[in-house]
Amino acid sequence: MVTDVKSPREYVGAGFAAAQDLGADVFEVQVPEYGRNSVGPEISTGQGGTLRLPEGPVEACKNADMVFDFTLEGFIHVPERTEIRDSGTRILRVGAREPFYLRRLMPWTEDEAQAVKEKVQKHSQLLAETDEMRITSDHGTDVTMQVESDTAFDSYGFVDTPGKWDVWGQNMVSNYPTNVEGTIVIAPGDYNVVPFADYVNSAIECVIEDNYIVEINGEGGDAELMRGHMESYDDRDVFATSHFGWGLNPHGKFYDMALHDRKPDETGVSASEGRVWSGNMLWSTGPNTHIDRYAPCHYDIAQKGCTVYLDGTPVVEDGTVVEDIV
Ligand SMILES: [Fe+2]
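One structure accompanies this document, and this report is about it. Predicted model, so just to flag it, every value in this text is computed and none were measured.

As a further point, take the environment of Thr 183. Residue position: Thr 183 is located in strand E10 (residues 178–186). A sequence separation of 69 residues divides Thr 183 from Gln 114, and the C-alpha atoms of the two residues are 37 Å apart. Contact partners of Thr 183, with chain neighbours within four places excluded, come to Gly 140, Thr 141, Asp 142, Val 143, Glu 205, Cys 206 and Val 207.

Structure (structure tokens):
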């Protein structure tokens, strides 16, 4: 168990009990609070790539079969995660959401789990076989990109093989594309998973050229908020595009974050439901470990009502996953 002072003790306790039931030797490593609450110059949005896990905890993780990441921010876009995975350790990130939310997002029988895994892997395969991804929406999004097959990943929400990393209950596929060109309009009601953990009230138009956001426009306060926050880092890489994909968990709902868990300083930034509800188009900015870009700021934006085309064929149509695609 990797924890910080904000990790919910009842989850850690439950993790100990479950691991011991399975006959595992289990221990906890607590690290300083990481990310937006850290004390020191390296203030990240959380899930930024400039934070570092200390060497001692990294070595402890590499010697474990499995790590539960209960930290508030998670260690995600950092080289230590790769180092730990390369040693064969599997890592399950558990966001600090209410237990009944976590329970609902996860399959609880082997048959269900297998079905979830197969579905996500089929979508991941589809993505990996694609050359061009295009995303459109009625709000004005029209963006194209070249899929980078080597970076395509399947996230089925549990870790059943050595070196696997995942987030509890997260069903989604994604990749880190290149040649990203066009416009993305974040519409009212879309969800800023990271860093604001909040719904957008006014449209934000992001103009993207050659993999970088070059303009953030919008009349409402949301565009100003995003632009001002990103500019505050004074780092061009903060404006780079990161991963693009879509959510596949039918148990996730776009409105559930309005009911619970919208305070990131209390719940952590990996409230997975915000990025995994079926048919959302999830895109992001900043870090990309595949090209050693460890930007300090990471936005995850989950959008409704988008159509995602893979080489011209929609896999998500107006925010709904095309069921017979795989
Ligand atoms: Fe992300």
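Once you've had a look at it, read on.
A few words on the packing of aromatic side chains. Geometry of an aromatic ring pair is reported as the spacing of the ring centres plus the angle between the planes. Throughout the structure, instances matching the rule amount to 9 aromatic pairs. In this structure, Lys 164 packs its charged tip against the face of Tyr 156, placed 4.3 Å from the ring centre.

Turning next to the coordination of the iron ion. In an ideal octahedron of six donors the angles at the metal are 90 or 180 degrees, and in an ideal tetrahedron of four donors they are 109.5 degrees. With distances of 2.1 to 2.7 Å, the protein atoms coordinating the iron ion are His 243 (NE2), His 298 (NE2), Asp 300 (OD) and Asp 300 (OD). Seen from the iron ion, its 4 donor atoms lie at angles of 52 to 124°, and the figure they make is irregular. Each donor residue of the iron ion lies on the same chain, and together they follow the pattern H-x54-H-x1-D. Within this pair, whereas His 243 is found in strand E15 (residues 241–247), its partner Asp 300 is found in strand E17 (residues 300–303), the two being separated by 57 residues in sequence. Since its relative accessible area comes to 6%, His 243 is described here as buried.

Turning our attention to unusual backbone geometry. Trans is the common state for peptide bonds, and a negative phi is the common state for residues other than glycine. In this structure, Pro 195 follows Val 194 across a cis peptide bond, with omega equal to 5°. Mapped onto the fold, Pro 195 is located in the loop between strand E11 (191–194) and strand E12 (198–199). Backbone geometry at Asn 211 places phi at a positive 75°, although glycine is not the residue there. Among the secondary structure elements, Asn 211 is positioned in the loop between strand E13 (204–209) and strand E14 (212–217).

Procedures and definitions
- Residues numbered from 1 in each chain as written.
- Predicted model: local features only at pLDDT ≥ 70, side-chain atom pairs only at ≥ 80, totals over all residues.
- Heavy atoms only, no water.
- Helix = DSSP H or I, 4+ residues; strand = E, 2+ residues; numbered from the N terminus.
- Contact = heavy atoms within 4.5 Å.
- Phe/Tyr/Trp six-rings, centres within 6.5 Å; stacked < 30°, edge-to-face > 60°.
- Lys NZ or Arg CZ within 6 Å of the ring centre and 35° of its normal.
- Donors = N, O, S within 2.8 Å, 3.2 Å for Na, K, Ca; no water.
- Tetrahedral: all angles 85-135°; square planar, octahedral: opposite > 155°, others 65-115°.
- Buried < 20%, exposed > 50% of the residue type's maximum accessible area, 1.4 Å probe, protein only.

These figures capture arrangement, not role.
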